Amino acid sequence: MKHQPITPVQQSLTFSRRMMVFGGLEASIGALLVGRLGWLSIAENEHYSLLSESNRVQLIVVPPRRGWLVDRHGVPIAINRSDFRVDLVPQQLEQPEQTLKSLAALLSLDTDEMDRILRDLKQSRGFQPVQVAEDVPYDRYAALMVRLPELPGVRPMRGFSRYYPQGPAVAHLVGYVGTPSAEEYDKTKDPLFLTPGFKIGKQGLEKTLEPYLRGTPGGQRIEVTARGKLVKELDPKPDRSGQTVQLTIDAGLQEYAARRMGPESAALVAMEIATGDMLAYVSMPAYDPNSFSQGIGRTEWKMLSEDNHIPLLNKVAQGLYPSGSTIKPAMALGFLKQGLDPDQKFHCTGGVQIGNRYFRDDDAHGIVDMHSAIEHSCNAYFWAMGLKTDPQQTTEMVNYLGYGEEFDLPIPSQRFGTMPNPKWLEEKYHREWQGYDTANTSIGQGYVLINPMQLAVMPSRIASGNLVQPRLLLGGPRKPIKPLAINPEHLDYVRKAMAAVVNGHGTAVASKLPLDGIQMAGKTGTAQVHRLETRGHQSTWALRDHALFIAFAPADKPRYAIGCIVEHGGFGASAAAPIVRDTMTYLFDKQKALAALAPLEAQWGGSLAERNARELQQFKAAARANIA
Amino acid sequence: MISSAIIPQPLAKLPWRLIFLTAIIAFIGLLTLYSAAGGSIQPWALKQAIVFCIFLGVAVGMSWLKESTIKGVAFPLYALIFVALVLVELLGFVSKGAQRWLELGPMKLQPSEFMKPAIVLVLARFYELLPTGVIRKWRAIWPAALLLGIPAALIMAQPDMGTALMLILIGGSVMFIAGLPWWLFAGAAGVLAAGAPLAFALMHDYQRKRVFIFLNPESDPLGAGYHVTQSKIAIGSGGIFGKGYLQGSQSHLDYLPEGHTDFVFATMVEEWGLIGGVVLIFAFALVIRWGMRVSANARTRFSQLAAAGLTATIFFYVAINLMMVMGLAPVVGVPLPLVSYGGSAVMTVMLCIGLLMSFERQQRTGTGYSQLRIPA
């Protein structure tokens, strides 16, 4: 501190100086404030206007309408139906038990559905609404609306539900849609996934075509307060429905084939040879995708999962079977390529000794050449010729024609089986290819495993002489079809032999097309499921052989190819060939095919839909009886 | 000052410019409160208008107070308010809760509000009584520090950080203008700057979180940073011309919390834009300049210091509030005087203005001086 005395004059000077400093401080803070205000409202205006707008306007998301799936002629396969729906908002539920009881009474929900709601409520995240019922009839909806004020947390709405007119017939083709799971939401964090009524494809084409089918959500734009109170409704934001996807499938054929299979557990694929378009893609029995898409009841699920015909399995893409004798035309082409003379005679005595094992044929076919060996499906001929040729080259030919090949198709998972060859065996099982491997492979047994799609691709390729690739999307890119690297004379020879199978004295003469001037060519197959000694007709269903049939028609100018397998159907000629015959007939003459179906359905006890409904009722009754 | 033959002398002698400015500010406040209530004079605008009119009357009435009277009551008033503060503290202690007011019949008195003008008066009086030569001495500092520090500590214990902070700033301003040595203020600023990291290190986690939120309110937009975030959205979205009167979505849809009290400026700017905000700031600036002029022209040490301190009170109200609302200062709960809804702030500011008008009248008329000490 200074010791200088301070006078009033000095004090006055100090005061003036300090006032100047203080005034300057005030002015600079004032300038800072104005500057800050200008910065916020000019430079940052756009940013804050956006934030203000996103505060003010909220979107009540309305799920976009899902794109349709239509067949090659525009017939709908998967469409949307407008319906009334009721949801529960768990957070807003005041008396859950009472509300659920009232809902059960008002909407007449059965115990199955109540179980599902309770399960969903437990899994829900509070703010995520839970579906109570879809497709509510108008009178019940109206009754609920009247009681609504006393049911907090219940939210009735108009919505859309997925509808598959062909039901189970297209189940394994299109799959089904369902409410997104918690994991699926976590992956995307898309608020749309939490909107009740929003479904995503869970299986089949619904799953693989999801990006095309989904569309963009719109919704009601509303002005809300910070507390979520609605102030006023603004212009709605329109949603954009998903794209319509046209399939190569012929819905009529698909449904016909499904019906024609009757009570069998079977798969059938039909193709247009010129394009590779898959016209039918049928796996039966099947679940009803309509009930899956609405959230399936426990009883129905139980019934489906306990069925030994495995309706939940897509046999077309995931069923693997030994090809049986359907491999023979391809084997024959393999032999021909290696220079085997097709006219070389072979004496079939009903079996062949290979190594220390005697391979027994079904029959002693006597003197056969390649043509009659195919026609009569003589195993001994193929065993013997197989031993004379190079197994590597022969099996490569079979693989080239489609067996064991994976196709580029929009299918969620495809099992494509195995076409064994000596190299493969060495790599996989570390052993040398033996005579009995040749023998087994020659008749489509042993390691040979194929899927039903390959059963259609094989005859398509043989019939057309082109490397036909199957496809499911009509609008999809069309790959150029290359001709097969096979001598056309060889192909012609095999085609003629296949024609004789159906139209000569072959194994499938009972399955001639009932059409004037159109002949079908084919090859039967009977794949052994159990031991060789117990082949043929068995009383136990699960031990019976699989029946297979591959075919194309017309035999002279091939247009269509069909592959079919009937699980445990017995002989290919008796179980699979008639189904193929009638399905093929449908492609040329619908009336005739439907006329052939009518007496069969009468015998089975009604059409597919009738039988399914009856089965479900029976099962529900049995389930109730068990509980009681 | 209006001089006209028609207007009676006592009326003509009122500082009409100041009254006009004050009324403009209050009117902007009333308009904003009307809008914040969703276009209604209830529940805020009408009440605020009545309170403002009453206190404007009180302020005008106070303008006839003699300086000697004001000087005379400075210490007793301070003592009274000090006792009230202690009482509040005790009451809070007894009821085991934070308490800031005394209930006297229908009135709720908040002693900390009265303390703001009282500390100005008492410090001005103290420095007036202090002999001229000792202003740089220790005895010029410690009594003032006690007069200021004890009530500030009491208020901080309430706890009311905003008011305590303002009290210290106001008292500090008076001491600064009174001529306390530079190094005192520079040292205080230095200690504050050096102590901040230390204080930060000693803070609780929740207090640290507050600091972080102040530095970056968007990091916690739904929690403690919500007020400032929404306030900045309101101000920023108003743009230059605003969204239009009664069109502010932030305030009308309740996104802006406290839109009628502490954050009333955001409500106003959202609707009136940068222009409205600048007009209001400018109006306050003119009031403050008027007060500073009163201080500069004062002819006694007491009126010099008191006028400067009272003006500083108004200034700090405005500055802290606006900095807080625009995200330049932490949210400490200081209202915008005459604009924010609430009687106490209106009362405090109008008391300050009343006292300023009294000093102004006396320097104009030359009456009421107990001792003339006109600087050369």
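Above this note sits the structure.
Everything quoted here is computed from the prediction, not taken from an experiment.

Caption draft 1: A look at the overall build of chain A. Of the regular secondary structure elements, chain A holds 24 helices and 19 strands. Each of the 628 residues in chain A was classed as buried or not, and the buried ones make up 45%. Of the contacts formed within chain A by residues at least 6 apart in sequence, a portion of 74% connects residues at least 24 apart.

Caption draft 2: Structural detail: the nonpolar core. Residues A:Leu268, A:Val269, A:Ala551, A:Cys564 and A:Ala576 are the most contacted members of the largest nonpolar core, which totals 129 residues. Here this core takes nine residues from helix 22 (residues 572–588) of chain A, the largest share from any one element. Excluding anything up to four places from it in sequence, A:Cys564 contacts A:Ala266, A:Leu268, A:Leu455, A:Leu548, A:Phe549, A:Ala576, A:Ile579 and A:Val580. Residues B:Val264, B:Ala266, B:Phe315 and B:Val339 belong to the second largest nonpolar core, which totals 117 residues.

Caption draft 3: Looking closely at the sheet that holds strand 11 (residues 266–272) of chain A. All names here are of chain A. With antiparallel pairing, the five strands of this open sheet are ordered in space as 12-11-19-18-17. The strands lining the two open edges of the sheet, one partner per strand, are strand 12 (278–284) and strand 17 (521–527). When the angles between neighbouring strand axes are averaged without regard to direction, this sheet yields 5°. Two elements, strand 11 and strand 12, share six bridges in a ladder whose sense is antiparallel. Along strand 12, the bridge assignment pairs Ala270 with Ala280. In the packing of helix 10 (residues 251–260) onto the sheet, the strands contacted are strand 11 and strand 12, and the crossing angle to strand 12 comes to about 30°.

Caption draft 4: Region of interest: unusual backbone geometry. The residue after A:Met284, namely A:Pro285, is reached through a cis peptide bond having omega -10°. Checked against the element boundaries, A:Pro285 lands in the loop between strand 12 and helix 11 (289–293). For A:His430, which is not a glycine, the phi torsion comes out positive at approximately 55°. Backbone geometry places B:Glu258, a non-glycine residue, at a positive phi of 55°. By the element assignment, B:Glu258 lies in the loop between helix 11 (249–252) and helix 12 (264–297). Taking the C-beta count within 10 Å as the criterion, B:Glu258 has 20 such neighbours and is therefore assigned buried.

Conventions used here
- Residues numbered from 1 in each chain as written.
- Chains lettered and ligands numbered in written order.
- Predicted model: local features only at pLDDT ≥ 70, side-chain atom pairs only at ≥ 80, totals over all residues.
- Helix = DSSP H or I, 4+ residues; strand = E, 2+ residues; numbered from the N terminus.
- Buried ≥ 20, exposed ≤ 12 C-beta atoms within 10 Å, placed from the backbone.
- Contact = placed C-beta atoms within 7 Å.
- Core = buried A, V, L, I, M, F, W, Y, C linked by C-beta atoms within 7 Å.
- Pairing = 2+ DSSP bridges.
- Axes fitted to C-alpha atoms, helices over the stretch in contact; angles between N-to-C directions.

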